[in-house]
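What follows is the residue order along each chain.
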Amino acid sequence: MLNTTLSGLNVYTSDGVLQGASVVIQDGIIADIILTKPGQDISFPANYHLIPGLIDLHVHGMDGCDVMDANPEALTKISQALIRSGTTAFLATTMTASTQNIEKTLLAVREYMAVQHEAPGAIMLGVHLEGPFISPKKAGAQCADHILSPSIETLHHWQQLSENAIKLVTFAPELTNHEFIAYLKKNNIIAALGHSDANYAETMHAMQQGCDYVTHLFNAMRGIHQREPGMVTAALLEDVWTELIVDGVHLHPAIVKLILKMKGMEKMVLVTDAMRATCLHNGVYDLGGQKVTVKENTATLSDGTLAGSVLRMPQAIKNMLQFTGCDLLDAVKMASENPAKVLGIFDKKGSIAIDKDADLVVLDEHFNVVMTICGGHKIWNNIHVSSTSDQF
């Protein structure tokens with residue numbers, strides 16, 4: 001645990017950017033934010049940036065491992081790869097698979113979450129259950145053979161099995177009823193619409209029932225048609241969270257710009273949808289039992305279907321800046337603050353503020369990650385900094 005001060009940085013808070021400010025870390029939390037430079041600190045170049053730790057609500061794997069590998073060792077490796085990319089917290093995202101494999105994964109998550117403090121890495125906040133309650137018409141890279149109808153009984157069993165680790169469920173609303181949505185809301189599980197062929201009316205009905213999150217907007221859902229607006233139109237018009245994979249592959253830059261113009265940054269959530277090939281080279285990899293070819297930052301099945309991404313959060317931020325012209329403060333809001341608000345943890349994470357967790361990322365002048373601090377622990381350091389303290 002660090003008790004030190006990071007100094008000389010452009011500090012990105014919810015209220016704006018503080019130039020040349022210092023952030024005091026004590027006992028794992030942010031103790032103070034000051035505009036003067038104290039005597040004992042870690043000094044950074046004036047063109048470096050301090051942002052809150054990034055939070056990824058949709059990540060399947062990284063560095064050769066997948067959440068569905070269903071063992072704590074794989075989850076540890078994913079967590080450690082995430083921290084190198086400035087992600088300090090995440091939801092481990094599952095895929096449509098056999099009931100046995102999903103339950104094995106949930107047990108591994110439960111085991112890992114009980115001891116994750118022993119291995120430095122990004123904090124797993126819980127599970128994003130993506131499938132099996134999805135439409136076979138919009139399965140994407142999910143295995144259609146294992147799709148199930150939405151079931152309260154099944155979900156309740158899985159939630160007990162994981163010790164309430166399931167925080168977000170992506171499902172097709174046209175395949176269920178209001179009782180399933182009501183169960184999610186009653187149990188504080190985010191009801192996310194996705195992998196769905198729902199029309200506009202069906203989507204609006206689900207949103208009126210309490211569904212307030214849309215998984216990877218535009219992808220694996222009914223698009224816009226002048227006589228059938230579809231799920232995409234409802235997501236753009238209504239006050240719901242919209243998840244975006246801004247890798248330049250899943251969404252054309254002009255579409256990203258359109259979404260920002262219509263939704264505003266207040267309801268946009270940047271995610272990676274990263275799969276096991278992330279951080280690795282071009283080649284053939286496994287995703288949910290299917291072969292995925294990765295080439296030139298694109299992951300596809302043999303028929304060309306997109307199969308997750310090899311995106312990392314810092315690149316998503318850079319792409320957002322390039323595609324839309326927004327500034328770093330806005331992009332950080334979409335990658336840190338908004339995900340924290342989705343999960344209801346903004347009182348502790350998602351921004352740089354006094355008494356919040358010391359989840360912090362230092363970016364260089366090109367917005368590359370050079371240091372990650374998670375819960376007051378310096379976990380990743382890729383730069384030599386000037387130090388007048390022996391804490392580092």
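An account of the accompanying structure is given in this report. Starting afresh in each chain, residues are numbered from 1 along the sequence in its written order. This being a predicted model, a pLDDT of at least 70 is required before a residue's local features are given, and a value of 80 or more before pairs of side-chain atoms are given or counted; all residues contribute to the totals for chains, interfaces and linings. Only heavy atoms go into the side-chain values, all of them from the structure, while hydrogens and water stay out.

### Let's talk about the environment of Ala165
Working step 1: With respect to the secondary-structure elements, Ala165 resides in the loop between α3 (152-161) and β11 (166-171).
Working step 2: Here's how the labels work: a residue is buried when its accessible area is under 20% of the maximum for its type, exposed when over 50%, partly exposed in between, all with a 1.4 Å probe on protein chains only. With a relative accessible area of 3%, Ala165 lands in the buried category.
Working step 3: Taking the C-alpha atoms as reference, Ala165 lies 32 Å from Ala201; in sequence the two are 36 residues apart. Secondary structure elements are defined from DSSP: runs of H or I of at least 4 residues count as helices, runs of E of at least 2 residues count as strands, and each element is numbered from the N terminus.

### Quick word on the nonpolar core
Working step 1: Grouped together as the largest cluster of nonpolar side chains are 90 residues, with contacts concentrated most on Leu155, Ile166, Val169, Phe171, Met275 and Met320.
Working step 2: Among the elements that make up this core, the one with the highest residue count is helix α1 (residues 72-84) (six residues).
Working step 3: The criterion used for residue contact is that any of the two residues' heavy atoms lie within 4.5 Å. The residues touching Val169, leaving out its near neighbours within four places in the chain, are Leu129, Phe133, Leu155, Leu184, Ile189, Ile190, Ala191 and Ala192.
Working step 4: Val11, Tyr48, Leu360 and Val362 belong to the second largest nonpolar core, which has 19 residues in total. Here, nonpolar core means buried Ala, Val, Leu, Ile, Met, Phe, Trp, Tyr and Cys residues that are tied together by side-chain atoms lying within 4.5 Å of each other.

### A closer look at the side chain of His58
Working step 1: With respect to the element layout, His58 can be found in strand β6 (residues 54-59).
Working step 2: Here Glu243 takes part through its side chain, which lies 2.7 Å from a polar atom of the side chain of His58.
Working step 3: Leaving out residues up to four positions away in the same chain, His58 has contacts with Leu91, Thr93, His128, Glu130, Thr215, His216, Glu243, Val271, Thr272, Asp273 and Ala274. The definition of a polar contact used here is a pair of N or O atoms within 3.5 Å, where within protein one atom must be able to donate a hydrogen and the other to accept one, and adjacent residues in sequence count solely through side-chain atom pairs.

### Here's the deal with the pattern of salt bridges
Working step 1: What makes a salt bridge here is a side-chain nitrogen of Lys or Arg within 4 Å of a carboxyl oxygen of Asp or Glu, nothing more. Scanning the model with the defined rule gives 12 salt bridges in all.
Working step 2: Of the charged contacts in the structure, one is a salt bridge between Arg222 and Asp197, with a shortest N-O distance of 3.2 Å. Residue Arg222 is found in the loop between β13 (213-214) and α6 (230-237), and its partner Asp197 is found in the loop between β12 (190-193) and α5 (200-208); the two are separated by 25 residues along the sequence.
Working step 3: Taking the relative accessible area as the measure of exposure, Arg222 reaches 27% and is therefore partly exposed.
Working step 4: Its relative accessible area of 16% is what places Asp197 among the buried residues.
Working step 5: Of the charged contacts in the structure, one is a salt bridge between Asp286 and Arg276, with a shortest N-O distance of 3.8 Å.

### Concerning the packing of helix α2 (residues 99-115) against α3
Working step 1: One way to put it is that α2 packs onto α3 with a least axis distance of 9 Å and a crossing angle of 30°. In terms of axis orientation, α2 runs roughly parallel to α3. Contact residues: Thr99, Ile102, Glu103, Leu106, Leu107 and Arg110 in α2; His157, Trp158 and Leu161 in α3.
Working step 2: Here the term charged refers only to Asp, Glu, Lys and Arg, the term nonpolar to Ala, Val, Leu, Ile, Met, Phe, Trp, Tyr, Cys and Pro, and the term polar to all other amino acids, Gly among them. Its residues assigned to classes, the contact of α2 with α3 shows five nonpolar, two polar and two charged. Fitted lines through C-alpha atoms give the axes, limited to the stretch in contact for helices. The angle between two N-to-C directions lies from 0 to 180 degrees. In these notes the angle categories are as follows: under 35 degrees is roughly parallel, over 145 is roughly antiparallel, 65 to 115 is roughly perpendicular, and the rest is oblique.

### Topic: the packing of aromatic side chains
Working step 1: We call Phe, Tyr and Trp rings a pair once their centres come within 6.5 Å, taking the six-membered ring for Trp, and we label the pair stacked below 30 degrees between planes, edge-to-face above 60, and tilted otherwise. For the structure on display, the rule yields three aromatic pairs.
Working step 2: Seen in terms of ring centroids, Phe133 and Phe180 are 5.7 Å apart; in terms of plane orientation they differ by 80°. Their pairing is edge-to-face. In this pair, Phe133 is assigned in the loop between β10 (123-130) and α3 and Phe180 in helix α4 (residues 178-186), connecting sequence segments 47 residues apart.
Working step 3: Residues Phe171 and Phe180 carry aromatic rings whose centres are separated by 5.2 Å and whose planes lie at 70° to one another, so their mutual orientation is edge-to-face.
Working step 4: Under the relative-accessibility criterion, Phe180 is labelled buried at 1%.
Working step 5: Put simply, the rings of Phe133, Trp158, Phe171 and Phe180 touch in pairs and so form one group of aromatic residues.
Working step 6: Note that Lys267 overlies the ring of Trp241, its terminal NZ or CZ placed 4.0 Å from the centroid.
Working step 7: Sitting above the plane of the Phe346 ring, Lys341 keeps its charged end 5.0 Å from the centroid. For a lysine, the NZ atom is tested; for an arginine, the CZ atom; a charge sits over a ring if that atom is within 6 Å of the ring centre and within 35 degrees of the ring normal.

### What about empty space enclosed by the protein?
Working step 1: Put plainly, a pocket is an open set of points on a 1 Å grid over the protein atoms alone with protein on both sides within 12 Å along at least five of seven lines, a cavity is a set where a 1.4 Å probe fits but cannot get out, and a lining residue has an atom within 4 Å of a point. Grid points are joined across faces, edges and corners, and a volume is the space filled by probe spheres set on the points. Counted by the stated rule, this structure contains one cavity of 30 Å³ or more.
Working step 2: Along the walls of the largest cavity sit Ile51, Leu54, Pro314, Ile317, Lys318, Val361, Leu363, Phe367 and Val369, which together make up its complete lining.
Working step 3: Examining the composition of the lining of the largest cavity, we find that three residues originate from one element, helix α8 (residues 313-324), more than from any other.

### Description of helix α7 (residues 253-263)
Working step 1: Of the positions making up α7, those classed as buried are Val256, Ile259, Leu260 and Lys263. All buried residues of α7 lie within an arc of 95° about the axis, which places them on one face of the element.
Working step 2: Those residues of α7 that are buried are in contact with α6, β14 (241-245), β15 (268-271), α8 and α9 (328-343).
Working step 3: Of the residues trailing α7, Gly264 is marked for its positive phi of about 80°. What the arc describes is the spread of directions from the helix axis to the C-beta atoms.

Note that every value here comes from positions in space, so none of it alone points to a role or purpose.
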